[in-house]
Every structure is written in C-alpha cells, then in structure tokens.
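Coordinate inspection notes
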Amino acid sequence: MRSDKNDSILRLWSMLIVMMPSLMVCDLVQAEPDNRVDYENDIVPIFDSYCFHCHGEDEQESNFRVDQRATMLSGGDYGLPAIVPGHADQSFLMDLITHQEAGLEMPPEEDKLPDEEIDLIRRWIDQGAVVPGQMDQPIGDPSTAGTHWAYQPLQTEFDHAAIDGFIDSRLSDAGLTRSQTAEPRHLIRRLSIVLTGLAATPEQTKQFVDAFYADPDGAYKSAIDHFLDSPHFGERWAQHWLDVIRWAETNGSESNLYRKNAWSYRDYVVDALNDDIPYDQFIREQIAGDTMNRGEATGFLVAGPHVPAATVGQEPSAIRQARADRMDEILQTVGASVMGMTVGCARCHNHKFDPLTITDYYAMSDVFQGIEFGSRYPELADDHPRKVAATQIRSQLEEKRDRLRDEGGWIEDWMGYTEVHFKSPPTNHIRIEFQQPAVRIDELEVFSSDDEINLLAANDRNQVTITANPETAQPRGELKNINDGNFGTQAWFARGNMKQNVLPWLEIKWDQPVSLSRIRLSKNREDFFGTDYLLGLDTKLNWQFIVRMQDTDGSWKSIASTKWMKSLAQKDSERAKTLNEIDGLAQRLIREGPQPSFVGRMVEPAESFVLSRGSPESPRNRVFASAPQFLDGQLEVEPNAQGAKRRLAFARWLTDPSNPLTSRVAANRIWHNLFGAGIVVTPSDFGRAGAAPTHPELLDFLARRLLDSDWSTRSLIREILLSQTFRQSSQPSDLGMQLDGSCSLLWRFPPRRVEAEVIRDSILQAAGTLDASIGGPSYRIHNVKKRYSQWQVTNNYAEPTWRRMLYQERMRRVDDRIFTAFDFPDCGQIRAKRPVSTTPLQALNLFNSEFVVTQSRQLADRVRERVGDDIAAQVDASFNRLLCRVPSRGEQQFGMQLVQQNGLEQLVRALINSNEFAFLP
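Structure report, in brief.

Cut-off values and rules
- Residues numbered from 1 in each chain as written.
- Predicted model: local features only at pLDDT ≥ 70, side-chain atom pairs only at ≥ 80, totals over all residues.
- Heavy atoms only, no water.
- Helix = DSSP H or I, 4+ residues; strand = E, 2+ residues; numbered from the N terminus.
- Buried < 20%, exposed > 50% of the residue type's maximum accessible area, 1.4 Å probe, protein only.
- Contact = heavy atoms within 4.5 Å.
- Areas by Shrake-Rupley, 256 points an atom, 1.4 Å probe, with all protein chains shown as cover.
- Lys, Arg positive; Asp, Glu negative; His and termini not counted.
- Charge placed at Lys NZ, Arg CZ, Asp CG, Glu CD.
- Pairing = 2+ DSSP bridges.
- Axes fitted to C-alpha atoms, helices over the stretch in contact; angles between N-to-C directions.
- Phe/Tyr/Trp six-rings, centres within 6.5 Å; stacked < 30°, edge-to-face > 60°.
- Polar contact = N/O pair within 3.5 Å; in protein donor to acceptor, adjacent residues only side chain to side chain.
- Expected span 1.5 Å × (residues − 1).
- Arc of directions from axis to C-beta.
- Parallel < 35°, antiparallel > 145°, perpendicular 65-115°, else oblique.
- Left-handed = near helix turned anticlockwise from the far one by under 90°.
- Nonpolar A, V, L, I, M, F, W, Y, C, P; charged D, E, K, R; others polar.

Next up on the list: the overall build of the chain. On a plain count of helices and strands, the chain comes out with 34 helices and 17 strands. With the principal axes as the frame, the chain shows a C-alpha extent of 105 × 90 × 50 Å. The buried share of the chain, reckoned over its 921 residues, is 53%. Contacts in the chain between residues far apart in sequence, at least 24 positions, make up 72% of those at least 6 positions apart. A total of about 40,200 Å² of accessible surface is found on the chain, and carbon and sulfur atoms cover 49% of it. Taken together, the 100 basic and 130 acidic charged side chains of the chain have centroids lying 8 Å from each other.

Now the structure itself:
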C-alpha cells in the first residue's frame with residue numbers, strides 16, 4: 001500500500017512539473033544534471049545484461065520481472081516491494097544486488113554487479129525510479145485478485161427452497177436417487193451420537209421406536225429437540241471446535257508444561273454452544289472477549305502449541321524467533337477455524353495459491369500484537385459465580401485484616417507470591433534491606449493504602465526511580481526486570497556475602513509522597529499463574545527483609561520487618577489464629593474466585609514489520625493492523641490503537657455478513673460434523689489448494705440460512721437434521737457404489753466409525769458408571785513431573801476418570817495408552833477432519849485394556865443384578881445395553897456358549913469390539 005501512495009505522489013509531482021515554466025522544470029528536475037540517472041541509457045543496459053533472461057518478458061522466476069515498473073513496485077512471490085521510489089534503503093532490490101539476503105544473491109556471487117552499477121540503480125531509485133511510459137501502470141487491483149469461488153459474495157437467489165432439492169438435483173444428473181428412510185433404531189442412534197456424542201440408551205431407543213411407528217415426523221422432531229436441549233449437546237460440539245483449533249492443556253514444547261486452568265476456555269465453549277449464542281458473537285468473544293466480560297473466551301487465541309520463555313533462553317534472536325512463531329500459531333488458529341484459509345503459507349512469501357500477500361500476513365499479525373501466550377485473571381461479568389464468590393470472600397478477608405491493621409504488620413502467603421502488609425505515613429523514599437545473601441525477584445509491586453494501583457508500574461500518576469546495591473549485582477539479573485510487568489524467567493537477582501555484611505537492598509523514590517499499605521513480591525510468579533503438577537514449584541517462599549522510609553531529616557526509619565512480624569505471630573495466639581483464618585480465606589479465594597487461567601496474557605503491542613523470508617532478523621516495511629486487502633480488509637482503527645481495539649475491529653470485520661468466508665466456513669463445518677464430510681471436504685482450506693464444493697449452491701444456501709437465523713448454529717443444525725437427506729438409510733446399492741463409491745453426492749447416509757470419545761463414553765454409559773457432570777477441572781491420568789521430564793500415564797481407568805473423555809486432560813505428545821489408537825488427535829497440528837484408521841492395537845485395547853476390563857466387569861455385574869443367573873437373559877440384556885436390540889437366534893446361541901465357557905465379561909468385551917458398537921449407521 002505504501003508503494004501505491006508513493007507512486008501517486010510521484011505522478012502528482014510529475015503533473016505539477018509539466019504545468020511549471022520550462023526554466024523551473026530545469027531547476028527542479030535537473031538541479032544536478034551530471035547526477036541524474038537516465039533509465040533507458042543507464043539502467044536498461046544493466047538489467048539487460050544481468051536480469052532480463054530470468055526476470056523479463058520470456059521468463060519470470062519467482063513471478064517477478066524487472067522490465068515492468070508495476071511488478072517491481074508490488075514484488076514477486078516474496079511480496080516485498082523491489083523498489084520503493086525515493087527510498088533505495090527500503091527497496092528489496094538493493095538487498096538482492098548487494099548480496100545482503102543470504103541465498104537470494106542476485107546475480108549470483110560470480111556475476112555480482114560492479115559497485116558503480118549498483119550505485120546507478122541506487123541513485124535511480126532515490127530519484128523516483130522513473131520509467132518512461134510506465135508511470136501510470138496500475139500496480140494491481142485487490143478486487144480482481146479474489147476471483148476464486150470462495151471469495152465471491154454469497155448468492156441471494158437459489159433454484160431450490162430446501163436442502164433436499166439441491167441434493168436430488170445433483171443425484172438426478174448423476175443417474176442416482178436418494179435411499180429410503182433408515183429404520184428407527186438407526187435414526188435414534190444417529191441423532192443421539194451426532195448431537196450429544198453418546199449412544200442412545202435402550203430406554204430412549206424403545207421410546208422412540210414405539211413413537212415413530214405411530215407418528216414418524218412427530219417422533220423424529222421431538223427426538224431432535226430433546227438432544228439439542230441436552231447439556232451434552234455443548235460437550236459434543238465443543239469437541240469438534242477444540243479439534244479445529246488444536247486446543248490442549250500442555251504447551252507441546254520440550255518441557256510440555258501443563259497450562260494451568262486452561263480448562264476454563266473449554267467450559268466457555270461448552271456453555272456457549274448450550275446457550276446457542278449467535279455464531280458471530282461466539283467468534284467476537286473469542287477474539288476480543290476481554291472487552292465483553294468474557295475473558296476466558298480468549299483462550300481461543302492461545303490454543304496452539306508454544307515454547308515457553310525458560311526453554312527459549314536469553315539469546316535475543318531466539319526470543320524474537322519464538323515470538324514470531326507464537327504469532328504464527330495465533331494466525332493459523334484464526335485463519336483455519338474461521339476464515340478457512342491457510343494463512344501461515346504467507347509468512348515467508350506471498351501465498352502460492354491464494355491472493356494473500358506477505359504484507360497481508362504481517363498486517364494481520366499486527367492485530368494480535370497485544371496478545372502473549374500465558375495466563376491472566378480473565379475478565380468476568382459481575383454476576384459470574386466466581387466473581388460473586390470473590391466479593392463475599394474478600395469482604396470476610398478485609399474483616400480479618402482490620403483486626404491486625406492497628407497492631408503491626410503481617411505476612412500473607414498467596415502460594416505464587418507473598419504479600420507483606422504494614423502501615424506507613426506518606427513518604428516518597430523507601431528502602432528494602434534484605435537479610436539474606438541471595439535474592440531473586442521476578443516482579444515487585446508496591447500498593448497504596450487507598451486503592452489497588454501498583455505504584456511501581458509505569459503510569460502517569462507517579463514517576464518512580466529504583467536503585468539497588470551495586471556490590472550485589474549479578475549478570476543477566478538486570479534491575480529493569482523487577483517492575484517490567486513480566487513474571488517468570490526475566491527477574492532481578494542479587495547475591496551478597498553475610499560474613500562481610502554485604503547484602504542486597506533496593507531503594508525506591510517517587511516524585512511525590514505516597515501512602516503505602518503492602519508489598520507484593522515473587523520469585524517466579526509465571527509458574528504460579530501458568531503451570532501446575534510440576535515438581536519444584538515455588539509455592540512456599542521465605543522472604544527476610546526490613547522496609548525503611550526516609551524521614552524529613554534524611555534519616556531512615558523502620559516501618560516493617562518480616563522477622564518481627566513472624567515473631568509477633570508466634571507470641572500472640574489470637575493473632576496467630578487470625579492469620580490462619582486469613583490464610584484459609586486466601587486458599588478459598590484461589591479455589592473459588594477468579595483464577596489465573598491460560599487464556600492469553602495482555603501486553604503492550606510491539607510495532608509490526610514485514611519480515612523478509614519470515615525472519616525476525618530481517619524486518620522490512622512497517623505495517624498496521626488490517627485484514628487481507630483482497631477481501632477489503634480495512635479495519636478503520638488508528639495505526640497505533642490499543643491491542644483490544646484492533647482485535648475488536650478485526651472481529652467485527654470477520655463477522656460482518658458481507659464477508660463471504662465466515663458464514664460459508666461455519667455452514668460447511670456444521671455439515672461436516674453431521675455427515676462426516678463437508679460440502680467442501682477440506683473444511684479449513686477454502687482456497688485454491690483445497691477441494692471444490694460438491695454442491696456449491698447448497699453451501700451458499702446454508703450460509704444464507706445461518707445469517708437469516710441471526711447466526712444460530714442450532715437452528716441450522718435442526719434444519720439439516722430434518723432433511724430427508726440426513727434421514728436416509730446407510731445401506732449400499734450396487735448402482736450407487738458403481739457411480740459414486742465415496743458417496744459424495746449423498747445417495748445414502750455415509751456410515752462411519754465413531755470417534756474415540758464416543759466409544760469410551762458409551763462404554764461408561766452402558767456400564768452405568770458414567771459421571772455426567774458438566775464442566776470443571778479435567779481429570780488427571782498423568783503424574784506430577786520434573787520440568788523437562790515427559791508425562792507418564794499413571795491411571796487411565798479408575799473411578800476418578802469415569803467422566804466424559806472431553807474432560808480428560810488433553811495433553812500434547814502423550815499417548816493415553818487406550819484411545820489415542822482410535823485417531824484421537826495429538827493437538828500439535830490443526831485437525832479439521834480426523835483420519836480414520838484400522839489397526840490391531842484398536843482391538844487389543846478394546847479387549848485387554850484395564851479400562852475395558854474394569855467396565856466390562858461393571859456392566860456384567862449390573863446385568864446379573866437385574867436378570868439373575870439365567871444365561872439366556874444375561875445375553876439378551878447385554879445386547880440390549882450395548883446395541884439396543886435383542887440378539888438373533890444364532891447370536892444368542894453363540895453368546896450363551898461364550899458365557900458358559902468364559903463368563904459374561906467375555907461376551908461384554910466381544911460386543912464392545914463389534915463394528916455395530918463402533919459405527920454410526
């Protein structure tokens with residue numbers, strides 16, 4: 001865009017020159033006649049000798065040619081302007097011909113341009129890069145770039161008024177017809193699984209079958225509404241969304257640390273789907289939920305993997321590269337899930353298939369510069385249960401503190417940090433003298449007595465200066481880290497000598513007096529905020545220091561001493577009791593109030609630049625927050641707007657009905673989750689490298705229906721389920737298999753194996769052991785580990801794990817030793833569509849794993865308790881519990897023989913292994 005502006009200015013300048021008297025033209029254009037570079041005589045011979053054969057009329061390597069000024073202004077595949085008229089220092093061409101870009105030296109080393117020719121090109125660019133006859137060439141119109149079907153506006157008129165019309169029309173063209181309606185037992189199982197992720201129970205099946213034969217449509221509609229209203233609907237459809245954004249509760253790096261309370265985002269998704277909040281609101285909240293009192297929703301932005309700071313280390317280039325990688329994870333999440341675009345392909349160069357430029361990529365990254373991977377206290381509405389609980393607990397906490405306030409200071413342990421409370425008259429100069437030789441502080445905060453403002457934070461309220469004992473300074477323990485707002489590895493640390501009485505101290509000076517009430521400090525608060533289940537966490541801290549204030553006469557007066565506070569508590573039993581009550585309330589507040597959750601940390605946005613070849617070490621032109629230009633991506637925010645404003649503007653652009661991608665991608669994903677394949681079978685890639693839609697008009701029809709229902713996903717799901725297309729039998733036909741073996745035209749309902757979660761949860765349900773509680777912390781199946789050790793599965797089958805698999809800790813790079821074999825995703829890569837494999841390990845796990853053995857025993861006990869010792873009745877009851885039908889005569893005979901020889905548990909395990917149990921009919 002900058003080159004467009006420069007070109008326009010140059011053309012305007014040229015027009016002014018033409019209008020001026022000839023003498024003035026000479027004065028302006030040829031002020032230095034000997035220095036003026038002529039394109040035809042000075043530049044063309046250079047290009048002709050070195051460039052035209054690879055980047056000219058006949059051949060354009062990297063889609064770049066130097067004989068066209070417009071192409072040089074826009075750049076080739078790398079997306080960087082080769083020339084920026086008037087600014088050779090910003091022109092990529094200069095880096096190439098001076099061999100500043102490793103691997104892109106032009107011409108190659110043996111043919112490098114002579115210095116005088118390089119100087120000619122530099123001067124030509126600085127003088128405006130004038131090419132006679134090409135000054136009015138358009139650089140490129142973004143509106144013509146997106147000619148691909150996915151980037152066109154939604155259709156408004158359609159040949160059919162309902163889903164079945166579109167399907168029947170395509171089938172007729174192919175010489176096929178729809179299959180007959182599926183039998184009711186299959187319909188109820190199908191509805192139950194696609195809507196709740198649980199197989200229909202025998203009771204539900206019988207009730208539906210009886211009602212179906214009396215009133216097919218009424219029974220079917222009633223069943224749809226029943227499952228849509230089930231709280232398990234949100235659980236089932238949340239799993240689909242979590243797959244797409246590869247959400248997990250560990251970071252996936254070498255340390256693979258646990259992400260503390262990341263489950264709050266999972267619960268947000270479940271609740272949002274159960275509440276049927278409009279899809280556009282769902283997207284806006286996940287991108288800018290901190291502005292809407294839905295702070296936990298921003299866990300969406302940091303759902304992908306990342307490398308934590310401790311693993312990255314202190315090397316500046318490594319830190320910059322890790323930050324660029326984290327930004328790429330955010331863009332991949334947003335692009336794949338909502339836009340249906342492989343945004344990451346434009347990180348190093350223009351997208352090879354789609355009209356997404358490298359400038360678009362980094363302009364989009366500028367939208368999210370205010371987000372960092374990490375934890376924070378999420379913004380919650382006033383009526384949120386945790387916020388209500390916090391208000392009540394804090395009131396009790398202040399009541400306890402009031403008992404101590406006039407009797408000296410006290411210390412509170414908040415696990416990840418320590419607070420030292422004391423009374424102080426107004427002062428503008430304090431000194432913290434440590435009574436220990438080694439001190440490490442990742443963040444120091446000082447609070448006033450009348451509000452919650454940190455007086456050490458950078459703000460306009462107070463100017464603060466901090467100094468430290470120079471004799472105890474340590475390398476890489478810079479003092480600037482002590483109040484930079486960052487927790488964790490970037491800390492201030494100092495080391496003295498007790499024998500020599502050289503100890504660390506800090507002096508803090510404000511430009512005006514302040515009233516102090518407490519000091520908060522920590523060694524590594526990032527651990528407390530961000531991770532858990534880790535050996536060696538700094539949860540117990542033992543600070544020893546004295547706080548002094550400077551009196552008006554310049555002397556230092558003690559106002560707080562941790563040693564004195566501890567001794568005072570030991571001598572006074574009532575004081576000790578009150579302190580214990582405070583600690584108890586603190587623990588309650590940590591558990592029941594707002595919790596630090598891995599939903600993203602807010603930071604001050606850094607400036608964004610196009611990174612040549614994706615390298616943070618090669619920043620090019622500055623860019624500002626916008627969406628892709630070929631989609632009219634102007635966000636109408638000021639260039640240096642706050643991070644929240646950028647994200648909110650982007651979210652509004654993304655969910656504007658005029659944006660053709662968002663509703664199309666959402667409608668297609670809903671279709672995919674119901675039929676097992678989308679109308680576009682690459683649900684997260686609607687670009688030229690993705691698949692074309694099998695029913696393009698139907699896709700736009702569904703997208704329109706989504707918009708017309710005020711973005712109600714549940715309304716669109718219901719409409720699709722009511723179609724005859726969804727109600728079809730899954731039975732094959734010779735003609736159908738011959739003409740459309742993949743069933744892409746939907747002449748039958750495509751049968752498929754159910755997901756790992758459905759198998760596991762349905763086993764628990766059949767055994768009568770399923771804990772159906774909704775939400776809350778995930779159940780653990782892993783150990784507590786050292787920082788760089790690997791997670792080990794320690795218990796994946798006992799009673800604490802008998803919840804839905806959605807609530808099992810979702811760990812990257814960890815095999816749960818049972819259901820990972822059923823293609824449960826690792827969450828390292830975007831998984832818009834799960835693969836379906838068939839391996840011996842699947843059968844072995846369903847026969848011999850401790851989970852299946854335990855649940856088979858539970859189910860067998862349940863059957864025997866209900867029907868007694870009658871083996872025939874036991875066989876019938878087992879078939880009914882697991883398959884919701886009675887066995888055939890042959891099945892019953894075989895089942896009775898198996899029970900007599902090996903016990904009822906063996907029959908149960910065999911039925912769990914059957915295709916009928918594992919497939920959606």
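Resuming the write-up.
Moving on to the sheet that holds strand E10 (residues 516-522). Across the sheet, four strands lie side by side as E2-E3-E10-E6; this open sheet has antiparallel pairing. Two strands bound the open sheet, and with one partner strand each, they are strand E2 (410-413) and strand E6 (443-448). Adjacent strand axes in the sheet meet at a mean angle of 20°, parallel and antiparallel pairs treated alike. Bridge count between E6 and E10: six bridges; the pairing is antiparallel. Across the sheet, Glu443 pairs through a bridge with Ser522, a residue of E10.

Next up on the list: the packing of aromatic side chains. What the rule picks out here adds up to 34 aromatic pairs. Taking the centre distance of 5.6 Å and the plane angle of 40° together, the rings of Phe208 and Phe212 count as tilted. Taken together, the positions of Phe208 and Phe212, both in helix H10 (residues 202-214) and four residues apart, correspond to about one turn of that helix. Judged by its relative accessible area of 5%, Phe208 falls in the buried class. The interplanar angle of 75° and the centroid separation of 5.6 Å between the aromatic rings of Phe368 and Phe650 together place this pair among those described as edge-to-face. Here Phe368 is found in the loop between helix H17 (358-367) and strand E1 (371-372), whereas its partner Phe650 is found in helix H22 (residues 643-654), with 282 residues between them in sequence. Residue classification places Phe368 among the buried residues on the basis of a relative accessible area of 0%. Judged by relative accessible area, Phe650 falls into the buried class, the value being 0%.

Okay, the side chain of Ser337 next. Take Ser337: it is sitting in helix H16 (residues 316-339). For Ser337, a relative accessible area of 0% gives the class buried. Engagement of the side chain of Ser337 in a polar contact is seen with the backbone oxygen of Thr333, the distance being 2.6 Å. What Ser337 contacts, discounting residues up to four positions off in sequence, is Trp241, Val244, Ile245, Tyr279, Phe300, Val665 and Arg669.

Buried within helix H33 (residues 904-912) are the following residues: Leu904, Leu907, Val908, Arg909, Leu911 and Ile912. Buried positions along H33 lie against helix H28 (756-767), helix H29 (840-848), helix H30 (850-867), helix H31 (871-883), helix H32 (889-902) and helix H34 (915-918).

We now examine the environment of Met135. Take Met135: it is sitting in the loop between helix H7 (115-126) and helix H8 (163-173). What makes Met135 buried here is its relative accessible area of 15%. Separated by 30 residues in the primary sequence, Met135 and Gly165 place their C-alpha atoms 54 Å from one another.

This part takes up unusual backbone geometry. Residue Pro107 is bonded to the preceding Met106 through a cis peptide linkage, with omega at -15°. Within the element layout of this structure, Pro107 appears in the loop between helix H6 (92-97) and H7. Although it is not a glycine, Asn261 sits at a positive phi angle of roughly 55°. For Asn261, the location among the structural elements is in the loop between helix H12 (231-244) and helix H13 (263-274). Judged by its relative accessible area of 10%, Asn261 falls in the buried class. Backbone geometry at Cys743 places phi at a positive 60°, although glycine is not the residue there. By the secondary structure assignment, Cys743 is in the loop between helix H27 (734-739) and strand E16 (752-753). The buried category is assigned to Cys743, whose relative accessible area is 5%.

This brings us to helix H21 (residues 573-592). The first and last C-alpha atoms of H21 sit 28 Å apart over 20 residues, in line with the 28 Å expected at 1.5 Å per residue. Of the residues making up H21, those classed as buried are Arg575, Thr578, Leu579, Ile582, Leu585, Ala586, Leu589 and Ile590. Each buried residue of H21 lies within a common arc of 140° when the element is viewed along its axis, so the set occupies one face. Along H21, exposed side chains directed more than 90 degrees from the buried face belong to Ser573 and Asn580. Buried-residue contacts for H21 involve helix H18 (385-405), E2 and helix H20 (562-571). For H21, the side-chain oxygen to backbone nitrogen distance between the N-cap and Glu574 is 3.1 Å, and the N-cap itself is Asp572.

Taken in spatial order, the five strands make up an open sheet running E7-E9-E4-E11-E12, and their pairing is antiparallel. The open sheet has two edge strands with one neighbour each: strand E7 (464-468) and strand E12 (556-561). For this sheet the average axis-to-axis angle between neighbouring strands, irrespective of direction, equals 25°. Across five bridges, the pairing between strand E11 (residues 545-550) and E12 is antiparallel. Looking across to E12, one finds that Ile546 is bridged to Ser561. Packed on one face of the sheet, H20 meets E11 and E12 and runs near 45° to E12.

It is at 12 Å that the axes of H16 and H22 come closest, and there the two elements cross at 25°. Put simply, H16 runs roughly parallel to H22. In the packing of H16 onto H22, the handedness of the crossing is right-handed. Note on element contacts: H22 touches H16 through Phe650, Trp653 and Leu654, opposite Val334, Val338 and Met339. Class assignment of the residues belonging to the contact of H16 with H22 gives a composition of six nonpolar, no polar and no charged.

Within the element layout of this structure, Asn454 appears in the loop between E6 and E7. Sequence-wise, Asn454 and Leu444 are ten residues apart; in three dimensions their C-alpha atoms are separated by 9.3 Å. Only 3.2 Å separates the side chain of Asn454 from the backbone nitrogen of Val446, close enough to count as a polar contact.

So, about the pairing of strand E4 (residues 427-434). Burial analysis of E4 places seven of its eight residues in the buried class, which makes it a mostly covered element. For E4 and strand E9 (residues 505-514), the ladder comprises six bridges, and the chain directions are antiparallel. Of the residues in E9, the one forming a bridge with Ile430 is Ile508. Relative to E11, E4 runs antiparallel, the two sharing five bridges. Each residue of the ladder has a partner; that of Glu433, found in E11, is Ile546.

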